[in-house]
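# Observations on chain architecture
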Amino acid sequence: MNYAKYHALGNDYLVLDPKDANELPDKDAIVRICHRNFGLGSDGILYGPLESDKADFGLRIMNPDGSEAEKSGNGLRIFARYLYDTGAVKNEAFSVDTLGGIVTCKIADNAESITVDMGKVSFAMNHIPVDGPEQSDHNFGQPLSFNGKTQTVYVADIGNPHCVVVQDEISAQQAHQDGAKIEVHEAFPNRTNVQFLKVIDRNNIQIEIWERGAGYTLASGSSSSAAAAVAHRIGLCDRDITVHMPGGQIAIHIGDDFAIRMTGPATRVANMQFDEEALSFKVEA
Ligand SMILES: N[C@@H](CCC[C@H](N)C(=O)O)C(=O)O
């Protein structure tokens, strides 16, 4: 099976084109294909371009644990780059239908820069299952207990769910320890992506990320969107925010009603062939 591997600031995806595969691999196969030792290795699989009656292209986004994500900012930039590389699009704007809504993508500077209109961030959690008090603009910021402490967290939805923790200092180690706990906290029956956010100044933030279904990642576009929106919503940042992550930087513009425009790169890595033999190897627990 042929996969095109790309990364967006170190957040790597394998693109599986339906012309090469009639259907997505099953959950176990996805886990194996994404495994960094027993498979090709990636933070997820992008299955597309699919037909859509609502947009120019349809896309399904799979996490490396085999679960399906509604949206992925880096995944969308990578998918846009794949469409450009395969000649399906040029420099015109085009729309992509995801489970988390329709987005618009535009490629510039010979594909060195890709902009995605990600949709609007919602802080009133109508579609993220959140147990506990109803989330709304009036009670934005909730105490959450994890790992023996209680901190204020901010939930934000940009098609997929996010939980933002604002702190003076952040670290990869904390993202591993606390992120893993918050992802599966009982407050989030559908699990959540987690960002630890440090405000640098009114136009720059730094985040460490723990992704739902993927774990620690070097960058995330929907996380950047959610974290920037929270920083603006609580009055710490303006509308143009550079998000600094271990893998690099993404530019976020926050428009009216928290409509997010995200700009960043996507880089081609390889064309890879997955051998079915890897599926039958028994991994000792
Ligand atoms: N890496 C992504 C987010 C991918 C989906 C996420 N793990 C989820 O389950 O919602 C990004 O760049 O946004």
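These remarks concern the structure in this document. No experiment lies behind these values; they were computed from the predicted model shown.

### Remarks on unusual backbone geometry
- The linkage connecting Gly-48 with the following residue, Pro-49, adopts the cis geometry, with an omega of 5°.
- Relative to the helices and strands, Pro-49 resides in strand S3 (residues 45-50).
- Positive phi, close to 55°, is recorded for Leu-9, a residue that is not glycine.
- In this structure, Leu-9 sits in the loop between strand S1 (2-8) and strand S2 (11-16).
- Positive phi, close to 50°, is recorded for Asp-109, a residue that is not glycine.
- Along the polypeptide, Asp-109 turns up in the loop between strand S7 (101-108) and strand S8 (113-120).
- Given a relative accessible area of 56%, Asp-109 falls into the exposed group.

### Side note on the site of the ligand
- In the vicinity of the ligand lie 15 residues, with Asn-11, Glu-211, Arg-212, Gly-221 and Ser-222 positioned nearest.
- The separation between a nitrogen atom of the ligand and a polar side-chain atom of Tyr-13 is 3.0 Å.
- Between the ligand and Asn-74 there is a distance of 2.9 Å, counted from an oxygen atom to a backbone nitrogen or oxygen.
- Protein contact buries 100% of the 360 Å² of open area that the ligand shows by itself.
- Split into classes, the residues belonging to the shell around the ligand amount to 2 nonpolar, 10 polar and 3 charged.

Cut-off values and rules
- Residues numbered from 1 in each chain as written.
- Predicted model: local features only at pLDDT ≥ 70, side-chain atom pairs only at ≥ 80, totals over all residues.
- Heavy atoms only, no water.
- Helix = DSSP H or I, 4+ residues; strand = E, 2+ residues; numbered from the N terminus.
- Buried < 20%, exposed > 50% of the residue type's maximum accessible area, 1.4 Å probe, protein only.
- Near = heavy atom within 4 Å.
- Polar contact = N/O pair within 3.5 Å; in protein donor to acceptor, adjacent residues only side chain to side chain.
- Areas by Shrake-Rupley, 256 points an atom, 1.4 Å probe, with all protein chains shown as cover.
- Nonpolar A, V, L, I, M, F, W, Y, C, P; charged D, E, K, R; others polar.

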